[in-house]
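Analysis of the macromolecular model
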Amino acid sequence: MAIYDYSVTKANGEEFSLKEFQDKVFLVVNTATGCGFTPQYKELEEMFEKYHGQGFEILDIPCNQFAGQTPGTDEEIHEFCTLHYNTKFPQMKKSEVNGENALPLYRYLKEQKGFEGFGKGVKAMAMSAMLKKIDKDYKNNPEIKWNFTKFLVNRNGEVVARFEPTADMAKVDAAVAALL
């Protein structure tokens, strides 16, 4: 299957086909409203506004699998994001990204781009230390490690990069710009 064969459910219950993103560059992001990485919504919205006219999209999939950091209803999550970050990109229904109830889209994304590490720096070291307590083998499996993991898809529907939440958002922005 190709990425355009997948669909996800919008917060209002309607199906959203990724065919709508055909010939576009897009990020798929699992998000949370109560996470230390939640301020990335600001940078994601800035990227969306800067590049949307050039064929860039963001698919926001809230997820409550990581320390219960997205406890609200879909409506409450949407209200939080629009109120605090003025987000305009599509936000889907809160869903799972790991485990037996993971969205098929996320199974596909993880097959395309596995975990390659958190990089360097204080946040990277903190994430590694925390995950070692949760999953001693975390480095060797493709599972989503935390909120705000981003998958970058090019205009041909190829998953070209995976950015962990610790990735510098300037690098994410540069990778998106390079594909436009």
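The structure this text deals with has already been given above.
Note that the structure is a prediction, hence the values are computed from the model and not measured. (Residues numbered from 1 in each chain as written. Predicted model: local features only at pLDDT ≥ 70, side-chain atom pairs only at ≥ 80, totals over all residues. Heavy atoms only, no water.)

1. Structural notes on the environment of Asp135
For Asp135, the position within the fold is in the loop between α4 (122–134) and β5 (150–153). Given a relative accessible area of 26%, Asp135 falls into the partly exposed group. In terms of polar contacts, Asp135 uses its side chain to reach the side chain of Asn141, at 2.9 Å. (Helix = DSSP H or I, 4+ residues; strand = E, 2+ residues; numbered from the N terminus. Buried < 20%, exposed > 50% of the residue type's maximum accessible area, 1.4 Å probe, protein only. Polar contact = N/O pair within 3.5 Å; in protein donor to acceptor, adjacent residues only side chain to side chain.)

2. Section: unusual backbone geometry
If you check the backbone angles, Asp23 has positive phi at about 70° while not being a glycine. One can find Asp23 in the loop between β2 (15–17) and β3 (25–31). Residue classification places Asp23 among the exposed residues on the basis of a relative accessible area of 54%. In this structure, Phe148 is a non-glycine residue whose phi angle is positive, near 70°. Residue Phe148 is classed as buried on the basis of its relative accessible area of 0%.

3. Quick look at the sheet that holds strand β6 (residues 159–163)
Sheet architecture is open: four strands sit in the order β4-β3-β5-β6, paired in mixed fashion. The open sheet has two edge strands, β4 (56–62) and β6, and neither has a second partner. For this sheet, the mean inter-axis angle between neighbouring strands, taken without regard to orientation, is 15°. As judged from the four bridges shared by β5 and β6, these two strands associate in the antiparallel manner. The partner of Lys150 across the bridge, within β6, is Phe163. Packed on one face of the sheet, helix α5 (residues 169–179) meets β3, β4, β5 and β6 and runs near 15° to β5. (Pairing = 2+ DSSP bridges. Axes fitted to C-alpha atoms, helices over the stretch in contact; angles between N-to-C directions. Contact = heavy atoms within 4.5 Å.)

4. Points about the pairing of β3
Across the seven residues of β3, seven count as buried, placing the element largely inside the fold. In β3, alternate side chains face the same way, and those of Val25, Leu27, Val29 and Thr31 on one face and Phe26, Val28 and Asn30 on the other are all buried. One ladder, built from seven bridges, connects β3 with β4; its direction is parallel. Its bridge partner lying in β4, Leu27 is registered against Ile58. In this fold, β3 hands off to helix α1 (residues 40–51), which returns the chain to β4; that crossover is right-handed. As paired elements, β3 and β5 share four bridges and run antiparallel to each other. Bridged to Phe26 within β5 is Val153. (Right-handed = clockwise from strand over helix to strand, strands pointing away.)

5. Focus: the pattern of salt bridges
Within this structure, the stated rule accounts for nine salt bridges. Glu49 is the salt-bridge partner of Lys88, the closest N and O atoms lying 3.4 Å from each other. Placement of the pair is Lys88 in the loop between α2 (74–85) and α3 (104–112) and Glu49 in helix α1, with a sequence separation of 39 residues. A salt bridge links Glu164 to Arg162; its shortest N-O distance comes to 2.7 Å. Of the residues examined, Glu164 reaches a relative accessible area of 4% and is grouped as buried. Within this structure, Glu45, Glu49 and Lys88 form a network of salt bridges that share partners. (Salt bridge = Lys/Arg side-chain N within 4 Å of Asp/Glu carboxyl O.)

6. A look at the side chain of Thr166
Mapped onto the secondary structure, Thr166 falls in the loop between β6 and α5. The class for Thr166 is buried, based on a relative accessible area of 16%. Residues in contact with Thr166, not counting those within four places in the same chain, are Phe37, Phe118, Lys123, Ala124 and Met127.

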